[in-house]
Each structure stands twice: as structure tokens, then as C-alpha cells.
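Fold and contact review
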Amino acid sequence: MTQPFIKLENITKKFPGVVALNNVSLDLYQGEIHGLIGENGAGKSTFIKVLTGVHTPEKGEIILKGNPIKIENTKHAIDLEIGCIYQELNNIPQLSVTDNIFLGCQLKKKSGLLDYETMHKKARELLKDLGQDIDPTLPIEKLGMGHQQMVEIVKAITKDIKMLIMDEPTSSLSETEVKELVDAVRKLKNKGVGILFVSHKLEEIFELCDKVTVFRDGQHVITGNVSDFTNDLLIQNMVGREITQQFPKIEFKKGEEILKVENFTRYGVYRKINFSLSRGEILGFSGLVGAGRTELIRGIFGADPIDEGKLYLNGKEVNINSPEAAVRNRFALLTEDRKTQGLVLNASILSNLIITCLCKFKKGLFLDNTKICKAVDHNIKSLQIKTPSPDTLAEQLSGGNQQKVVVGKWLNSDAEIYIFDEPTRGIDVGAKVEVYNLMNKILEENKAIIMISSELPEILGMSDRVIVMRNGNITAEIKRNSKQFTQEDIMHASWDDSAIKE
Amino acid sequence: MKNANGKNIDYKEVLSKLGPLLALVLVSIALSLGTEQFMTVGNITNIMRQASINSLIAAGMMMVILTGGIDLSVGSITAFAACVMGVMIKNGIMNPVLLIVSGFGAGTFVGYINGILLTKLRLPHPFISTIGTRNIFRGLALLITAASPISGFPKAVQYPGTGDIFLGIPVSFLIVIVMYIGIHIFLNNTALGRHIYAVGGNKEAARLSGLNVNKILIIVYAICGFMCAFAALVMVGRLNTAFPLAGSTADMDAIASCIIGGVSFLGGKGTIWGTLIGSLLITVLRNGLNLIGASADMQLVVIGLVIIVAVYVDVLRASAEAKSKRLAAKK
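Not measured: the values here are computed from a predicted model. Residue indices begin from 1 for each chain and proceed along its sequence in written order. Whichever chain is written first is A, and whichever ligand is written first is 1; the rest continue in order. Per-residue local features are limited, in this predicted model, to residues with pLDDT of at least 70; the limit for side-chain atom pairs, both in listing and counting, is 80 or more; totals at the level of whole chains, interfaces and linings are taken over all residues. Note: side-chain values were computed over all heavy atoms of the structure, leaving out hydrogens and water.

Considering the nonpolar core
Nonpolar core, defined: a set of buried Ala, Val, Leu, Ile, Met, Phe, Trp, Tyr and Cys residues in which side-chain atoms within 4.5 Å join the residues together. Working definition: with a 1.4 Å probe on protein chains only, accessible area under 20% of the residue-type maximum means buried, over 50% means exposed, and in between means partly exposed. Counting residues in hydrophobic clusters, the biggest one holds 99 residues, and the most contacted among them are Ile 37, Leu 164, Met 166, Ile 195, Tyr 418, Met 439 and Ile 449 of chain A. Note on conventions: DSSP H or I runs of at least 4 residues are helices, E runs of at least 2 residues are strands, and numbering of each starts at the N terminus. It is helix H15 (residues 429-444) of chain A that contributes the most residues to this core, seven residues altogether. Where each domain begins and ends follows an automated or database-derived domain assignment. Domain assignment of the residues forming this core places at least three in each of domain 1 (6-238) and domain 2 (253-330 + 448-502) of chain A. Contact between two residues is taken to exist if any of their heavy atoms lie within 4.5 Å; hydrogens are not considered. If near-sequence neighbours (up to four positions away) are discounted, Met 439 of chain A is found in contact with Ile 282, Phe 420, Pro 423, Ile 449, Met 451 and Met 462 of chain A. Listed in part, the 96 residues of the second largest apolar core include Met 63, Ile 150, Val 157 and Ile 196 of chain B.

Quick notes on the packing of aromatic side chains
The criterion for an aromatic pair is that two Phe, Tyr or Trp rings (for Trp, the six-membered ring) have centres within 6.5 Å, with stacked assigned to planes under 30 degrees apart, edge-to-face to planes over 60 apart and tilted to the rest. The final tally for this structure, using the stated rule, is eight aromatic pairs over all chains. Aromatic side chains Phe 247 of chain A and Tyr 436 of chain A sit 5.2 Å apart centroid to centroid with 50° between the ring planes, which places their arrangement in the tilted category. Taken together, the residues span a long stretch of sequence, with Phe 247 of chain A in the loop between helix H8 (231-238) and strand S11 (257-266) and Tyr 436 of chain A in helix H15 at a distance of 189 residues. The pair formed by Phe 247 of chain A and Tyr 436 of chain A is uniform in burial state, with each residue classed as buried. Geometrically, the ring pair formed by Phe 275 of chain A and Phe 285 of chain A is edge-to-face, given 5.3 Å between the ring centres and 75° between the ring planes. Taken together, the residues Phe 275 of chain A in strand S12 (residues 270-278) and Phe 285 of chain A in strand S13 (residues 282-287) connect sequence positions 10 residues apart. Phe 275 of chain A gets classed as buried once you look at its relative accessible area, which sits at 4%. Aromatic rings pair up to connect Phe 104, Phe 226 and Phe 230 of chain B into one cluster. Note that Lys 260 of chain A overlies the ring of Tyr 312 of chain A, its terminal NZ or CZ placed 5.4 Å from the centroid. The aromatic ring of Tyr 197 of chain B is capped on one face by Arg 194 of chain B, whose charged end is 4.8 Å from the ring centroid. Here, a charge over a ring is recorded when the distance from Lys NZ or Arg CZ to the ring centre is within 6 Å and its angle to the ring normal is within 35 degrees.

Thoughts on empty space enclosed by the protein
All names here are of chain A. In this analysis, the protein atoms alone were mapped onto a 1 Å grid. Cavities are point sets where a 1.4 Å probe fits without being able to get out; pockets are open sets with protein on both sides within 12 Å along at least five of seven lines; lining residues have an atom within 4 Å of a point. Grid points are joined across faces, edges and corners, and a volume is the space filled by probe spheres set on the points. Evaluation of the coordinates by the stated rule reveals three cavities of 30 Å³ or more. What lines the largest cavity is simply Glu 39, Asn 40, Ser 286, Gly 287, Leu 288, Ser 454, Leu 456, Met 491, Ser 494 and Trp 495. Residue assignment for the lining of the largest cavity shows that the elements contributing at least two residues are S13 and helix H17 (487-495). Looking at the lining of the largest cavity element by element, the count peaks at three residues for H17. For the lining of the largest cavity, the per-class residue count stands at four nonpolar, five polar and one charged. Gly falls in the polar group here, along with every residue not listed as nonpolar (Ala, Val, Leu, Ile, Met, Phe, Trp, Tyr, Cys, Pro) or charged (Asp, Glu, Lys, Arg).

Quick word on helix H6 (residues 155-162) of chain B
Residue and element names in this part refer to chain B. Looking only at H6, the buried set comprises Val 157, Gln 158, Pro 160 and Gly 161. Buried residues in H6, looked at end-on, bunch into an arc of 150°, giving them a common side. Each element contacted by the buried residues of H6 is listed here: helix H2 (41-66), helix H4 (96-119), helix H7 (171-189) and helix H10 (213-239). In this description, the arc belongs to the directions extending from the helix axis to the C-beta atoms.

This is the structure we're talking about:
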């Protein structure tokens, strides 16, 4: 092949605490579909953002058709004929298909009024070119996700995009829709458009791509022709993250069953989920981002309604239809996003810690301040929260200490089932260990933990049992003492559709 | 059943869009059966006259709400524009063109200020900026008139508020119809109009598509001010007086018209015709309750209930739609 359309050389991008991309080089050609795969946190998203001008790399060169350039921002990237279809589609749901396609570049009649006749016609033609029969006058929110994707592609075509990045385009599509998308992408390729296809589905990589690249921990691992790879070979290249960290895991004796989930289903999100949880146990949930793990625990916690399913607490069926009911039944949810969902940031540590248990501190009609201060002082000591005073605002703490406050808040509430969603995201290594120690403390009190984590080392380091999810289904359940309790086996279950049991 | 494009007609959707119109028709039928005066030419033209001031303000409000905003200063803008004209005749300027241009200038200017406060000063929400200007321009209207009404407008200025065309149809209502058709074309057939929907629907996506969101917002608030000035013109004509305290409940009536007419408070959704129906429904209810002899207090209760019921029906429809979409994924 001739000169690459865009050539990235030795790109390095750092964020506080992590090297998101480390010396990555890649050539992308027009008329070629290039697959990009890697585990959560491998650097795919950062790489996309470098190409679209959202991030500027610290080191490295970007060469467009032979000329070194700097991509300033998203708009500049589009001017350079580089476009991206994000997983979260960027459309305006209430507007029609035509309006979305021509937003910002509408066609007008001589009178200055919009020429809808021509625009509708052109939109219809462009969609037909991709094999789609879509009524362009419909509001886009009336279309299914597959058709919305098609509109995004057409939007890119009208902007003369030569290099189209597609970030997990099939993650929310049905099987038929995927087939249609695959056809459309092939048609684009034949028109000479280059495509960077980021996917979590290996079979799509094999079906669609000419080349494939694997990233791992921000590094480029391998690039090659798809025909030179097998399923196993790709997975082998993705795993192999070194476990450098030590985990303070203590295995406690398992008590009786505390929670049983039966046939939990929310159509289109997760279905027929069954599992149980015992006292003294950490049940890890592994899987790719978007596998339905967070949605499942939101369903269990009553934050979103479920369509089918039953929930048993200590052997008794309970109906949890709101987070309030969940808390009453001694659940605690430690959300992924502490800042917006876990803490009242502009309130003191003291207020945050006692928010769940104020009634414990009543003295007659009033609150017993001495008792509160005592309890909070005890909290701060036992949780080892590093703060000058209990009156310090939560927003002034580091991520690790904030997480400790969230744990403390729930410890004070007498919760028995702790659900941690990404418990150590954005926390430095030292603080991570302290959070793990708190988990041990929870288990020691004969309580139980569900832990969602996208970090395989964390899953392997702390779980007593791990459940792997893919596309809303459970694909594997592996005990800590099993021979399959390895990175490779978990990866297989989270990447391979054939692992889904009906 | 299929429509011209060969697509299936969604009855539920048609019904939900026609809901407010249906309510208007039902209320009108009930009133014409229940009272003798309702279905008379005199009363109908009366309703048109009563509805016109609120309809003009509601049209401006509708565009603001489309962008996901709110304008609480509309009543003050209306009074201020009226008083600017009043102060001019007090000082002997009786040229109708000059008077009307100044009135429009004043209203549009205040709307422009609202837009600037929101975008350039980056005040976090139009609720704040317009509650500020609501007070400022009510105060200024009182200051420039020394808090007393001013009468004696020239005939030409009174015409939009008092004149009739044929069959006794008031000029003011004709203005409403012409303006509404104009706004309909503006919103649906010009780039700027579509951009207003885009900004309200998804501000971030609109920005990433290369639209100048701030400019669009400033224009929308200025248009709202312009529509208030139009209402002020009709108002001084009708009463031949500029009242500095006029329009003190105009903001809530305008917002209520939009909501009843199905304009989404979150922005991006709504039609100008829905707003007209909302405005007419409020006026017809008031008129009818007057005819029945219901007290003013009772009228407040009824209008309040109508607002809540109208939005609740919309909420029910939206959640039913979301559920049927989810169930479709079951397959």
C-alpha cells in the first residue's frame, strides 16, 4: 500500500498517576478497516481522543499525508477529515434525521428559507447508499440504535471524512442491526474511507477488519493482518498485565447465605441473572465496561425498576423498589462516582459520616453533639482518615480519604451488604491498600461484599468468588480455589460470545 | 391507516399532540351548552381580545423555553416598554412611528440584556438573570413614570389594541395570528429556527456541530423582549394608558400557556400552535368561569389544576413510551 493517511509516532500521554499511552506508534490507511482491541484501561479511549484533538500528547508526532501536524480540537480534526462516532451518540434526539445530518451546514433556497425538499432527498439517497431505507423526516429518537448509527455515518460522509473512528459501534445493537452496520462499513471502505474500528467483540474483528492492533496498559503490543491471528492468540496478547501490587486478602470463614438473586431481568440490559452471596465473602463482578454490571446492581439496589426477578434476604423474599427500601434492608451502595453520588462535597467530614445514622444520636428532641463528636473522632481514627479536623470539607480530601469517608458513612448505618462499584478508581496505591483493609474489616464483622471492578488484578486479589458478565449475561462463575481463577480464564469469559450460556 | 408517505399513522401520538386542542374544544362545547352568552359574537371577539396580550408574550416565552431557559422578566419588559412610550407622549412626542419604534426598541433591548447576562456574564441560569431584570425594569418603569399611569395616546398607536377588521375580529388577534404564522415559519424553515431546537435538545452536541450557541441564545432572548413590546403596544392601545404596574402576572400566564401547549420544560420540544392553544384555553376558562359567576379565587384554583393535569398526561405518555421501547428490546 501507499503512504498512510495518518501516521502516529511514539505518542505518549500522561495523566496524574498514570501513563495512558506509552510510546505508541500506528499507521492508518485509507480504504482499510483497522481493528483496535484491548482490556478496559488499555489506552484505546485516550488514543481516540488524541486522534480527534481532545487530548494533546506530551511526546510524539502525528503525520497527516506526509506532513507533521498538531490536531487542535474536534472541529480541527473534522477539517482534517478525521471523524469519530462515539459510543454515546452525539445527536439531538428531538430533531429529524435530516436536521441532524445537516446541522450547521443546512442547504437553503434563494429566499433564505431552508430547502427541506433537497435536504430530505439527499439524506434519503445517502442512507440508501449505505443500504438503509430510513424516513429522513422522522425525529431521530424514534429510530433504533442501529439506524441512529447509520445517521451518524451519513453525517460523517457529508463532512467528507476520510478517516472514521468508530468507538464500539455495535455495543448496543441487535444482531440484525450489527449485520447492517457491517455492510455499511464495508461500503464506506470501498469508497476509500479508512476506518479505525474499536470493538469488544472478537468475531467482528475477524469478520470485518483487515488489520488488528492490540493495546495493553497504554502500550502497543502487536499489529498484524487479521488472517494471521486466532481468537486465543488475540486474548493472549491482551492479558499478561503484571500484578505488581500486593493485596492484603484475608480469607474468612463463609457464613450462611445472606442474599439470593433469582432471574433478575431488565429487558435489553441484563437477563436471567442468578447468584447468591454469603456472609464473610467478597463476590467480584468482572466484565467489560457496558456488560451490564453497574445496571444490575442499580436494579438490586432499587435505583432502576426491573422487569422480572426475585430477591431473597436471609432466606426471605423482599421487594426492593427504591434505594430507600434498600438502605432499610441494610444494603449499602458505594458508587463509582464518589464526587457526584457518594458525598456531599461542600459539607464537613462530620456531616458526611453521620448522614446515615442521625437518629442514633438523638437526646430527647435534639441531637447529642458530644456523642456525635466522640463517634466521629472514633470513625476518623479507625478508618485512618487523614484530615486536620472533622470539620474539614469533604471536597478538600484526597480521593482515597474521600472513599474512606464513604465507607465510614455506611459502616455507621449498620449496613450488612456492601456493594462497591470500582472501589479504588482514581485512588493512589497506598490508599488502595487501606480501602482493601476496610473491606477485610467489613467481612470480619460477618457482613458481605459485592465488588464490581474493571481491574483484573483487583478482582483476583480480593474476591473469594468472581462472576463474569458479558452483554447482560453471566458467562462464568469461578471460585478462588479453582484452577480457572486466572486472568486468562476471566478474559475468555468476558470477551467470548460463545461463553454465553442460554 | 397510512398517511401520504405510506407510513403508519401513530394514533397515540396524534392524540397526544391534539390533547390540548381537544380540551379546548370540549371546554368550549360545555360552556356554549351551559351558558347562553358564551357562543355569541360579542363574547368570542372578547375572548380574542383578552387572549392576544398573553398570546404575544407566550410566543416569546415559548422560544426561550425551547432553548431550555426561562424568562421571568416578561411582565416587567411589557410594562417598561409601555412606560417608555408613555413618557414620550408626556414630553410631547406624539409621532406614532417614533412611539412604536421606541417601544419595540426598549423591549428588544431588555431581552438582549437578558441574553448577554446569561451568555457573556455566564450567570448560571436564566432564572437568575431574568429575576434580576424583572426587578430592575419594573423599578425603572415606576421611576420614569413617577409611579403614575400616563394616558392620551394618538389614535394610530391605539389602533392595534382597539381596532376591528371585519366581523368584529380585533386587530390585536389578527396580529397574534400573523406573528404566530411568522414564528412557525421561522422555527421550522430557517437555519436559525432549527438551531434553536438543537440548542434546547442537546447543547453540547449543538456546540460540537459548530453552532454559536451563545449567539443563538442572545437572539432568542431579544426576540422574547420584542414580543413583549408587541404586547405592550396592544396593551396601551386597549386602555389608552401606560400602567407601570401592568403585567405583574404575565410571566406565569405565559409559562402556563407553553406548558399546557406541550412545550417541554427541558427544552428542544414544542410547537408554537400548542402555545396558542394553551393561551386560548386559559382565556376561555377564565371567560367561562366569569360567565358562570365563579369567583376570581375559584378561577385560580381551576387554572392551577389544568396546568398540573396537562403536564401529568404528558408524563404518563412519556413513561409509557419508554416502557414500550424497552419491551421491544425483549425480542
